Amino acid sequence: MMNQQIKADMMLLLVTLCWGISYFLMDLSLADLDPFTLNAYRFLGAFLIACLLSFKKVKTVNRTTLRYSLLVGFALVFVYIGATFGVKYTTLSNSGFLCALTGVFTPLLGWIFLRQRLSRKMCLTVILSFAGIALLTLKDNFSINMGNLKGDLLCTMCAVAYAVDLLLTEKAVSHKEVDAYQLGVFQLGVTGALNLMMACLTETPHLPQSGQIWGAVIFLSVFCTGVAFVVQPIAQQYTSASHVGIIFTLEPVFAGVVAFLFAGEVLSAKSYLGAVLMIASILIMEIDFSSFRKKEKNEKL
C-alpha cells in the first residue's frame, strides 16, 4: 500500500509540474493564438483523447452526469478565461501564485454560501494569503501596479472560479447517479465547446502558424489537460487528500521556476516574501494539525 501511495504521489507531482509549465506554454501560445481559440484547442483535444482512451467507460454516461457536466464545464470556462487572459496581462510568476489561491477561496466560499464551518486556521490562511497578494502585486512603495492590475485581477478571478468549480463538483459527485470519471471527461468537452463558440463570435480562429506553437498547444492539450484530468482521480484512490493538497501547492513554485529559467523573470525581494506567505498559507490550510496533536497524546499515553 505504501508503494502505491508513493507512486500516486509521484503521479500527482508530475501533474503539478505540467500545470506549472502550462503558464509559460500559454504565454508562448498567445503570441500566435487568441485566448478563446487556444482554450478551444486545448480542451476539445483533451476531450477527444480522454474519449479515445476510455470509450467504453464514457459511452454509458447518463443524463444526471451530463447535466452536472454542463454546470461544472461552464464554471471551468471562467477559470480558463481568468488564467489565459491573466497570463496575457501580467507576469508568469504572478499568474502562477495568484491562480493557486483556489485552495484558500474554496473553504471561504463554502462558508459564505454553504454554511460550512470556517476555522481559526482558515482565518489565518486568508490573512496570510491576502498579505502575500499585496506584497506580490503592489509596487515597492505599495502603490497599485497598474501595468499588471488587469492580469492580476483576472488570475484572482481564475482562483475564485475554480473554487466554485470544486464546490459544484463536490455537490455533483455526492449524487449516486453521477460518475466522477465521466463528469471529469465531459466537463472538458463542455468547456472546449463553449470556448469554441466564444472564439467564433469574438476572434478569428486559425491553426498554429509554427512548429513551436503546435508543440506548446499539443503539450497543453495532452499533458496539462487530458492526462492531468485522467491521472488525478486515479492517483487519489491511493493517497490522502492532505497529500494531494500539499503536492498541488508546488504548482506556483514550478511556475515561478519555469518563468525564471525560460522567460527570464526575476522577482523583487518583496515579491518573493509575498510568494512565500502565499505558499505558507496554503500549506497551513492543508496540513491537519489536529492529527499531530492526537498522535502526541497517544504517544504520551
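Everything numeric in this text was worked out from a predicted model, so none of it was measured. (Residues numbered from 1 in each chain as written. Predicted model: local features only at pLDDT ≥ 70, side-chain atom pairs only at ≥ 80, totals over all residues. Heavy atoms only, no water.)

Q: Sorry, what's going on with the overall build of the protein here?
A: A count of helical and extended segments in the protein gives 14 helices and zero strands. Within the protein, counting contacts between residues at least 6 apart in sequence, those at least 24 apart form 90% of the total. As displayed, the protein offers around 15400 Å² of accessible surface, 68% of which is attributable to carbon and sulfur atoms. (Helix = DSSP H or I, 4+ residues; strand = E, 2+ residues; numbered from the N terminus. Contact = heavy atoms within 4.5 Å. Areas by Shrake-Rupley, 256 points an atom, 1.4 Å probe, with all protein chains shown as cover.)

Q: Whenever I open this one, a nonpolar patch on the surface confuses me. Can you help?
A: The grouping of V257, F260, L261, F262, V266 and Y272 at the surface amounts to a nonpolar patch, some 640 Å² of accessible area in total. Per element, the largest residue contribution to the nonpolar patch is four residues, and it comes from helix α12 (residues 251-263). Assignment of secondary structure puts V257 in helix α12. According to the relative accessible area criterion, V257 is partly exposed, its value standing at 41%. (Patch = residues over 30% accessible without salt bridge, like charges linked within 9 Å, V, L, I, M, F, W, Y side chains within 5 Å. Salt bridge = Lys/Arg side-chain N within 4 Å of Asp/Glu carboxyl O. Buried < 20%, exposed > 50% of the residue type's maximum accessible area, 1.4 Å probe, protein only.)

Q: Before we go on, may I ask you to explain α12 in this structure?
A: An α-helix turns once every 3.6 residues. As a result, residues three or four positions apart point the same way. For α12, which comprises 13 residues, the first-to-last C-alpha distance of 17 Å matches the rise-based estimate of 18 Å (1.5 Å per residue) to within 8%. Among the residues of α12, those classed as buried are E251, P252, A255, G256, V258 and A259. Down the axis of α12, the smallest arc covering the buried residues is 165°, so these residues share one side. G264 occupies a position one or two residues after α12 and carries a positive phi of about 70°. (Expected span 1.5 Å × (residues − 1). Arc of directions from axis to C-beta.)

Q: What am I meant to see in the packing of aromatic side chains here?
A: Geometrically, a pair of aromatic rings is defined through the distance of the ring centres and the angle of the planes. Tallying each qualifying case throughout the model produces six aromatic pairs. Here F43 and Y80 contribute two aromatic rings whose centre-to-centre distance is 4.7 Å and whose plane-to-plane angle is 75°, an arrangement assigned as edge-to-face. Of this pair, F43 sits in helix α2 (residues 35-53) while Y80 sits in helix α4 (residues 63-89), placing them 37 residues apart in sequence. When sorted by exposure, F43 lands in the same class as Y80, which is buried. (Phe/Tyr/Trp six-rings, centres within 6.5 Å; stacked < 30°, edge-to-face > 60°.)

Q: Mind showing me how you'd approach the nonpolar core here?
A: Counting 60 residues, the largest nonpolar core has Y23, M26, L38, L101, V185 and M278 as its most contacted members. At nine residues, the largest contribution of residues to this core is made by helix α10 (residues 211-235). Ignoring any residue separated from it by four or fewer positions in sequence, one finds V185 in contact with F47, A50, C51 and V58. In this structure, F36, V77, I81 and L154 belong to the second largest nonpolar core, which totals six residues. (Core = buried A, V, L, I, M, F, W, Y, C linked by side-chain atoms within 4.5 Å.)

Q: How do you make sense of the packing of α2 against α4 when you look at a structure like this?
A: Two numbers describe a pair of packed helices, the interaxial angle and the distance between the axes. Interaxial distance between α2 and α4 falls to 10 Å at its minimum, and their mutual angle equals 125°. Regarding the angle of α2 to α4, the classification is oblique. In this structure, α2 crosses over α4, and the sense of that crossing is right-handed. Seen from α2, the contacting residues are P35, F36, L38, N39, R42 and F43; seen from α4, they are L76, Y80, I81, T84, F85 and K88. Counted by class, the contact of α2 with α4 contains eight nonpolar, two polar and two charged residues. (Axes fitted to C-alpha atoms, helices over the stretch in contact; angles between N-to-C directions. Parallel < 35°, antiparallel > 145°, perpendicular 65-115°, else oblique. Left-handed = near helix turned anticlockwise from the far one by under 90°. Nonpolar A, V, L, I, M, F, W, Y, C, P; charged D, E, K, R; others polar.)

Q: Looking at this model, I keep getting lost on the pattern of salt bridges. Mind explaining?
A: Applying the stated criterion to the full structure yields one salt bridge. The salt bridge involving D179 is made with K57; its shortest N-O contact spans 3.3 Å. Residue D179 is located in the loop between α8 (146-173) and α9 (180-202), and its partner K57 is located in helix α3 (residues 55-58); the two are separated by 122 residues in the primary sequence.

Q: What is the right way to look at the environment of V61 in this model?
A: Relative to the helices and strands, V61 is located in the loop between α3 and α4. For V61 and Q182, which are 121 residues apart along the polypeptide, the C-alpha to C-alpha distance reads 6.6 Å. Ignoring sequence-local partners within four residues, the contact set of V61 consists of L66, Q182 and F186.

Q: When you look at the packing of α4 against α8 in this model, what are you seeing that I'm missing?
A: Running from N to C, α4 and α8 cross one another at 160°; their axes reach a closest spacing of 7 Å. On the basis of the axis angle, α4 is roughly antiparallel to α8. In terms of crossing hand, the pair formed by α4 and α8 is left-handed. Of the residues in the contact of α4 with α8, the class split is 20 nonpolar, six polar and three charged.

Q: What exactly am I supposed to notice about the side chain of Q182 here?
A: Within the element layout of this structure, Q182 appears in helix α9. A polar contact of 2.6 Å, which involves the side chain of Q182, links it to the backbone oxygen of K57. Setting aside residues no more than four positions away along its own chain, Q182 makes contact with K57, V58, T60, V61, N62, T65 and S69. (Polar contact = N/O pair within 3.5 Å; in protein donor to acceptor, adjacent residues only side chain to side chain.)

Q: How should the side chain of T84 be read in this particular structure?
A: In this fold, T84 is placed in helix α4. Owing to a relative accessible area of 0%, T84 belongs among the buried residues under this scheme. Within the local environment of T84, its side chain forms a polar contact with the side chain of N39, the two groups lying 3.0 Å apart. Aside from chain neighbours lying at most four places away, what touches T84 is M26, L30, P35, L38 and N39.

Function cannot be read off these values alone, since they describe shape.
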